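# A structural walkthrough
One letter stands for each residue in the lines below.
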Amino acid sequence: MQQKRRKRADERREEILAAAERVFAERGYRAGSLAAIAEAVGVSKQTLLHHFPSKEHLLVAVLERRDLQNLGVVADMGLTTEAMARLVDFNLDWRGLVHSYTVLSAESVAEDHPAHEFFTARYDRSRRALADSLRAEHGDRLPGGLTPEQAAPLVIAVNDGLQLQWLLNSRDVAIGELFRAFLATVVDGQPPART
C-alpha cells in the first residue's frame, strides 16, 4: 500500500514538474504563478506546495529535471563537442524545454532571481567540463588556435545563441547544421564550407 502511494506521489511530482516547465516557458518565472501550475495539473495550490514547499524549490526542480534529460543524451560520451552537437539535435524535439531554459537563464541574470545560483554554478561546471574534454581531445591548443579555456565559453555561447534564434525563427535557422559548422571551424580548425 505504501509503495503504491509513493508511486502515485512520484507521478504527481512529474505532472507538476511538466506543468511548471510549460508555465515558466510561456510566462517566465516571475509571471508564472503557482496557482496556474496547480490549475494545469488539476490540483490545489496546497497539494502543489505539499510536493514543492516554494516556487523557488519548484523552479530548481524543473531545471534539474531538464539537466537530467540532457545528461541522458550525452551520458555515454561525456561533455565532448560531438555530445553537444547531439544534444542540439535532441533539443530540436523539445522546443518547450529549450524555451524554458532560454527564458529562465535570461531571467536569472538578476542576482535576486531564485535560479541565479543554479545557472551561475551550471555555467561554471559546463565551462570546466567542456574545457577538460577539449584538452583531452586536442591538448593545450585546439587546431583552430584557441586554448580549451577560450573555446569552452564560445561553444556554450554559440549553442545558447543559436537556440534563441531558432526559437524566434525555426524555419530559417538550421541550428544543428550551424552549430556543427561552428565546431568544425573554431574547434577543429577546418575552413568554413563554401556554398
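Preceding this section is the structure that the text describes.
A brief report on the enclosed structure follows. (Residues numbered from 1 in each chain as written. Predicted model: local features only at pLDDT ≥ 70, side-chain atom pairs only at ≥ 80, totals over all residues. Heavy atoms only, no water.)

Assigned secondary structure in the protein chain consists of 9 helices and 0 strands. Ordered by position from the N terminus, the helices and strands of the protein chain form the series α-α-α-α-α-α-α-α-α. For the protein chain, the proportion of its 195 residues judged to be buried stands at 42%. A separation threshold of at least 6 residues defines the contact pool for the protein chain, and within that pool the share at least 24 residues apart is 63%. (Helix = DSSP H or I, 4+ residues; strand = E, 2+ residues; numbered from the N terminus. Buried < 20%, exposed > 50% of the residue type's maximum accessible area, 1.4 Å probe, protein only. Contact = heavy atoms within 4.5 Å.)

A few words on the environment of Ser-133. Mapped onto the elements, Ser-133 comes out in helix H7 (residues 116–138). It is 5.7 Å that separates the C-alpha atoms of Ser-133 and Thr-80, two residues lying 53 residues apart in sequence.

A word on the environment of Ala-35. As for its position among the elements, Ala-35 is in helix H2 (residues 34–41). The exposure class assigned to Ala-35 is partly exposed, which follows from its relative accessible area of 44%. Each C-alpha atom of the pair Ala-35 and Leu-154 lies 39 Å from the other, and the pair is 119 residues apart in sequence.

The next point concerns the packing of helix H1 (residues 2–31) against helix H6 (residues 95–107). The description of two packed helices rests on the angle between their axes and on the distance between the axes. Viewed as axis vectors pointing N to C, H1 and H6 meet at an angle of 25°, and their least axial separation amounts to 8 Å. Taken together, the axes of H1 and H6 are roughly parallel relative to one another. For the pair H1 and H6, the sense of crossing is left-handed. Contact residues: Glu-21, Phe-24, Ala-25, Glu-26, Gly-28, Tyr-29 and Arg-30 in H1; Gly-96, Leu-97, His-99, Ser-100, Val-103, Leu-104 and Glu-107 in H6. Split by residue class, the contact of H1 with H6 holds 6 nonpolar, 4 polar and 4 charged. (Axes fitted to C-alpha atoms, helices over the stretch in contact; angles between N-to-C directions. Parallel < 35°, antiparallel > 145°, perpendicular 65-115°, else oblique. Left-handed = near helix turned anticlockwise from the far one by under 90°. Nonpolar A, V, L, I, M, F, W, Y, C, P; charged D, E, K, R; others polar.)

Inspection of the entire model under this criterion finds 2 aromatic pairs. A ring pair is formed by Phe-118 and Phe-119, whose centres lie 5.3 Å apart and whose planes are at 90°; its orientation type is edge-to-face. Classification of Phe-119 by relative accessible area gives buried; the value is 3%. Put simply, the rings of Tyr-101, Phe-118 and Phe-119 pair up and form one aromatic cluster. (Phe/Tyr/Trp six-rings, centres within 6.5 Å; stacked < 30°, edge-to-face > 60°.)

In this section: the nonpolar core. If you look at the biggest cluster of nonpolar residues, it comprises 25 residues, and the most contacted ones within it are Phe-24, Ile-37 and Leu-58. Among the secondary structure elements, those contributing two or more residues to this core are H1, H2, helix H4 (55–74), H6 and H7. Among the elements that make up this core, the one with the highest residue count is H1 (7 residues). If sequence neighbours within four positions are ignored, Ile-37 has contacts with Ile-16, Ala-19, Ala-20, Val-23, Phe-24, Leu-48 and Leu-58. (Core = buried A, V, L, I, M, F, W, Y, C linked by side-chain atoms within 4.5 Å.)

What follows is about helix H8 (residues 148–168). Counted at 1.5 Å a residue, the expected span for H8 with its 21 residues is 30 Å, and the 30 Å between its end C-alpha atoms agrees. Listed in full, the buried residues belonging to H8 are Pro-148, Ala-151, Ala-152, Val-155, Ile-156, Asn-159, Asp-160, Leu-162, Gln-163, Trp-166 and Leu-167. Seen from one end, H8 has its buried residues packed into an arc of 160°, which puts them on one side. (Expected span 1.5 Å × (residues − 1). Arc of directions from axis to C-beta.)

This part takes up the pattern of salt bridges. Summed over all chains, the structure comprises 11 salt bridges. A salt bridge links Asp-89 to Arg-180; its shortest N-O distance comes to 2.8 Å. Of this pair, Asp-89 sits in helix H5 (residues 81–91) while Arg-180 sits in helix H9 (residues 175–187), and the two are 91 residues apart along the sequence. Taking the relative accessible area as the measure of exposure, Asp-89 reaches 30% and is therefore partly exposed. Residues participating in the shared-partner salt-bridge network are Arg-8, Glu-11, Arg-12 and Glu-15. (Salt bridge = Lys/Arg side-chain N within 4 Å of Asp/Glu carboxyl O.)

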